[in-house]
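# Analysis of the macromolecular model
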Amino acid sequence: MAVDSPLAPAPVERPPFRPGLEGVPATQSAICDIDGLKGLLTYRGYTVDDLVAQSSFLETAYLLIWGELPTAAQLKEFEHEVQMHRRVSFRIRDMMKSFPSQGHPMDALQASAASLGLFYSRRALDNPEYIVSAVVRLLAKIPTMVAAFQLIRKGQDPIQPRDDLPYAANFLYMLTEREPDPLAARIFDACLILHAEHSLNASTFSARVTASTLTDPYAVVASAVGTLAGPLHGGANEDVLTMLEEIGSEDRVEAWLERAIAEKQKIMGFGHREYKVKDPRAVILQKLAEQLFDQFGHDPLYDLARKLEAVAAERLGPKGIYPNVDFYSGLVYRKLGIPEDLFTPIFAIARTAGWLAHWKEQLGANRIYRPSQIYTGAAGRDWMPLQAR
Ligand code: SDX
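Nothing here was measured: the structure is a model prediction, and the numbers come from that model.

## Quick notes on the pattern of salt bridges
- Per the counting criterion, the structure on display carries 17 salt bridges.
- Linking Asp279 and Arg281 is a salt bridge whose minimum nitrogen-to-oxygen distance equals 2.7 Å.
- For Asp279, a relative accessible area of 0% gives the class buried.
- By relative accessible area, Arg281 is classed as buried at 1%.
- Residues joined in a network through salt bridges with shared partners are Asp94, Lys97 and Asp157.

In structure tokens form, the structure reads like this:
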């Protein structure tokens, strides 16, 4: 149809281009709310402070995915179902044994999450039982696969999950082959709650875009894992410790920060698109870190981190740049004896709950994501034969 035809649709008024879609609503969602000026974060209307104090990760996952807190019977059944599906096929373990041991655990996780689609390929998105089984399998098997790769890359066989241990304690057990201290397990569970959901962050957006094509949930989670891995997103938690180790001592903080600012280097674990104050999760993670230090001994990197936070508040605070969720989480994981390159896979274990909540919400009112673009390339070029170029 010619553009000037009287039957042609009227030209669409285009909104202005916003790099990174800053401030552009890309969905409606009832899952999570952020007040970035007050530093408030709620899941389904409950503050994260209350959830960390009262709930468990699996209960919070249930809340996120199904919208309401479970009854005691619903929670018991959900925990039991997840526990029953923790094991992964020997074929997946064998596949992971062929991964290079020096490969990053996030790449191993992305590949193994995607491989679940090979085993549970029946796609029945309009069947509530299929939705429940996919939710349970992903929440159950992602931690097992993270722990399995950790042992495999050390040349050991993965160990089986322990049915008598709750979710967080079982993960730490599979990782270390030792039953964790109860306080360590409780604090790790709280970390999972804090990382479970955060509205339309990059990996969740990725999950929703993938979900909108009506592909399987394993592909949804695998695409989100790939997005989370980058250093501007979940990968920053690993880089924070590298940065603190590079600074080395408290007396070098000021000079290091001045140089970093002068070189326009991003300070890892600082800044957030939504928060203009300290991320409320960083406030809680800092307290959790202190509890761990009280119980298991101090970490001098914590003093360095606090000094960096104080100096950065003077230099970057006026621009609204404060610690985000990734700044103190690494210090907690380090005290728990977790290797640095597992920090982001642990973020993924927790965020699987949020991704699944968004997958389910997307299916409830789906329309495929297909934004427009502003073309800036060449036009009307004459073809140039190969010999003439
Ligand atoms: C997560 O979105 C989520 O919810 C994510 C997350 C979740 O739970 O899902 O919260 C998890 O991804 C936390 C963020 C982890 N990333 C980092 O810690 C990496 C360092 N931070 C930044 O790169 C940055 O702050 C982002 C990526 C977090 C946000 O990027 P924006 O909103 O696109 O901001 P920007 O890069 O355009 O920066 C705006 C200004 C710039 O200054 P000007 O050029 O305007 O003068 O703020 C400055 C930036 O230089 N700035 C920083 C900074 N972050 C922003 N300057 C120094 N250090 C920083 N960290």
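## Quick word on the packing of helix α4 (residues 90–97) against helix α5 (residues 105–119)
- For the pair α4 and α5, interaxial distance at closest approach is 11 Å and the crossing angle is 145°. Both α4 and α5 take part in a crossing whose hand is right-handed. Only Ala111, Ser112, Ser115, Leu116 and Phe119 of α5 make contact with α4, whose side of the interface consists of Arg91, Ile92, Met95 and Met96.
- Its residues assigned to classes, the contact of α4 with α5 shows 6 nonpolar, 2 polar and 1 charged.

## Brief notes about empty space enclosed by the protein
- Inspection of every chain in the model, using the stated rule, returns 2 cavities of 30 Å³ or more.
- By volume, the largest cavity is sized at about 80 Å³.
- Lining the largest cavity, in full, are Arg87, Val88, Arg93, Thr144, Ala147, Ala148, Leu151, Pro158, Ile159, Gln160, Pro161 and Met174.
- Here the lining of the largest cavity gets 4 residues from one element, more than from any other, and that element is helix α6 (residues 128–153).
- Among the residues making up the lining of the largest cavity, the classes are represented as 8 nonpolar, 2 polar and 2 charged.
- Space inside the second largest cavity adds up to approximately 30 Å³.
- Lining of the second largest cavity is provided by Arg86, Ala140, Pro143, Thr144, Tyr167, Asn170 and Met174.
- Going through the elements one at a time, α6 and α7 (167–176) are the ones with two or more residues in the lining of the second largest cavity.
- Of the residues in the lining of the second largest cavity, the class split is 4 nonpolar, 2 polar and 1 charged.

## Considering unusual backbone geometry
- The phi dihedral of Ser199 falls on the positive side, at around 50°, and the residue is not glycine.
- Here Ser199 is to be found in the loop between α8 (182–195) and α9 (202–211).
- Of note in the backbone geometry, Leu214 takes a positive phi value of approximately 65° without being a glycine.
- Assignment of secondary structure puts Leu214 in the loop between α9 and α10 (217–228).
- Residue Leu214 is classed as partly exposed on the basis of its relative accessible area, which comes to 42%.

## Some points on the site of the ligand
- His198, His272, Arg273, Arg281 and Arg351 are the nearest of the 23 residues found near the ligand.
- One of the side-chain nitrogen or oxygen atoms of His198 is found 2.6 Å away from an oxygen atom of the ligand.
- Within the side chain of Arg273, one N or O atom sits 2.7 Å away from an oxygen atom of the ligand.
- Expressed as a share of its isolated accessible area of 1100 Å², the protein-covered part of the ligand is 70%.
- Partitioned by chemical class, the residues of the shell around the ligand number 9 nonpolar, 8 polar and 6 charged.
- If you count residues domain by domain, the shell around the ligand takes at least three from each of domain 1 (29–230 + 340–364) and domain 2 (236–335).

## Re the side chain of His195
- Along the chain, the position of His195 falls in helix α8.
- According to the relative accessible area criterion, His195 is buried, its value standing at 1%.
- Apart from residues no more than four positions distant in its own chain, His195 is found in contact with Tyr43, Leu285, Val325, Ser329, Tyr333, Phe347, Ala350 and Arg351.

## Digging into the domain arrangement of the chain
- As far as domains go, the chain holds domain 1 (29–230 + 340–364) and domain 2 (236–335).
- A separation of 26 Å is found between the C-alpha centroids of domain 1 and domain 2.
- Contact with domain 1, which involves 30 residues of that partner, is made by 27 residues of domain 2.
- Counting the surface lost from both domain 1 and domain 2, the interface buries some 2300 Å², and carbon and sulfur atoms represent 67% of this.
- Linking domain 1 with domain 2 are 0 salt bridges.
- Put simply, domain 1 and domain 2 have 6 residue pairs in polar contact (both at pLDDT 80 or more) between them.
- Among the secondary structure elements, those contributing two or more residues to the side of domain 1 that touches domain 2 are β1 (32–35), β2 (40–43), α1 (48–54), α8 and α16 (343–364).

## Focus: the pairing of β1
- What you see with β1 is a clean split: Cys32 and Ile34 sit on the buried side and Asp33 and Asp35 on the side with no burial.
- As paired elements, β1 and β2 share 4 bridges and run antiparallel to each other. Paired with Asp35 across the strands is Leu40, a residue of β2.
- Remark: 4 residues form the turn of the hairpin made by β1 and β2, two consecutive strands paired antiparallel; Gly39 in that turn has positive phi of roughly 75°.

## Thoughts on the environment of Leu192
- Inspection of the secondary structure assignment puts Leu192 in helix α8.
- Once the C-alpha coordinates of Leu192 and Ser56 are considered, the two residues, 136 residues apart in sequence, prove to be 8.8 Å apart.
- Residues contacting Leu192, with those up to four places away along its chain left out, are Phe57, Tyr167, Ala168, Ile346, Ile349 and Ala350.

## Some details on the packing of aromatic side chains
- Tallied over the full model, the rule gives 15 aromatic pairs.
- Ring geometry for Phe171 versus Phe188: centroids 5.6 Å apart, planes at 10°, classification stacked. One end of the pair, Phe171, is in helix α7; the other, Phe188, is in helix α8, and 17 residues separate them in sequence.
- Overall, the relative accessible area of 2% leaves Phe171 in the buried class.
- Seen in terms of ring centroids, Phe205 and Tyr369 are 5.6 Å apart; in terms of plane orientation they differ by 90°. Their pairing is edge-to-face. Of the two residues, Phe205 sits in helix α9 while Tyr369 sits in the segment after α16, which places them 164 residues apart along the sequence.
- Among the aromatic residues, ring-to-ring pairing joins Phe270, Phe293, Tyr302, Phe327 and Tyr328 into one connected group.
- Above the ring of Tyr120, the side-chain terminus of Arg137 is found at 3.9 Å from the ring centroid.
- Just above the ring of Tyr173 sits the side chain of Arg162; from NZ or CZ to the centre is 5.1 Å.

Rules used throughout
Residues numbered from 1 in each chain as written. Predicted model: local features only at pLDDT ≥ 70, side-chain atom pairs only at ≥ 80, totals over all residues. Heavy atoms only, no water. Salt bridge = Lys/Arg side-chain N within 4 Å of Asp/Glu carboxyl O. Buried < 20%, exposed > 50% of the residue type's maximum accessible area, 1.4 Å probe, protein only. Axes fitted to C-alpha atoms, helices over the stretch in contact; angles between N-to-C directions. Helix = DSSP H or I, 4+ residues; strand = E, 2+ residues; numbered from the N terminus. Left-handed = near helix turned anticlockwise from the far one by under 90°. Contact = heavy atoms within 4.5 Å. Nonpolar A, V, L, I, M, F, W, Y, C, P; charged D, E, K, R; others polar. 1 Å grid on protein atoms, 1.4 Å probe; cavity = no way out; pocket = protein on both sides within 12 Å on 5 of 7 lines; lining within 4 Å. Points joined across faces, edges and corners; volume = space filled by probe spheres on them. Near = heavy atom within 4 Å. Polar contact = N/O pair within 3.5 Å; in protein donor to acceptor, adjacent residues only side chain to side chain. Areas by Shrake-Rupley, 256 points an atom, 1.4 Å probe, with all protein chains shown as cover. Domains from an automatic or database assignment. Buried area = accessible area lost by both parts, 1.4 Å probe. Pairing = 2+ DSSP bridges. Phe/Tyr/Trp six-rings, centres within 6.5 Å; stacked < 30°, edge-to-face > 60°. Lys NZ or Arg CZ within 6 Å of the ring centre and 35° of its normal.

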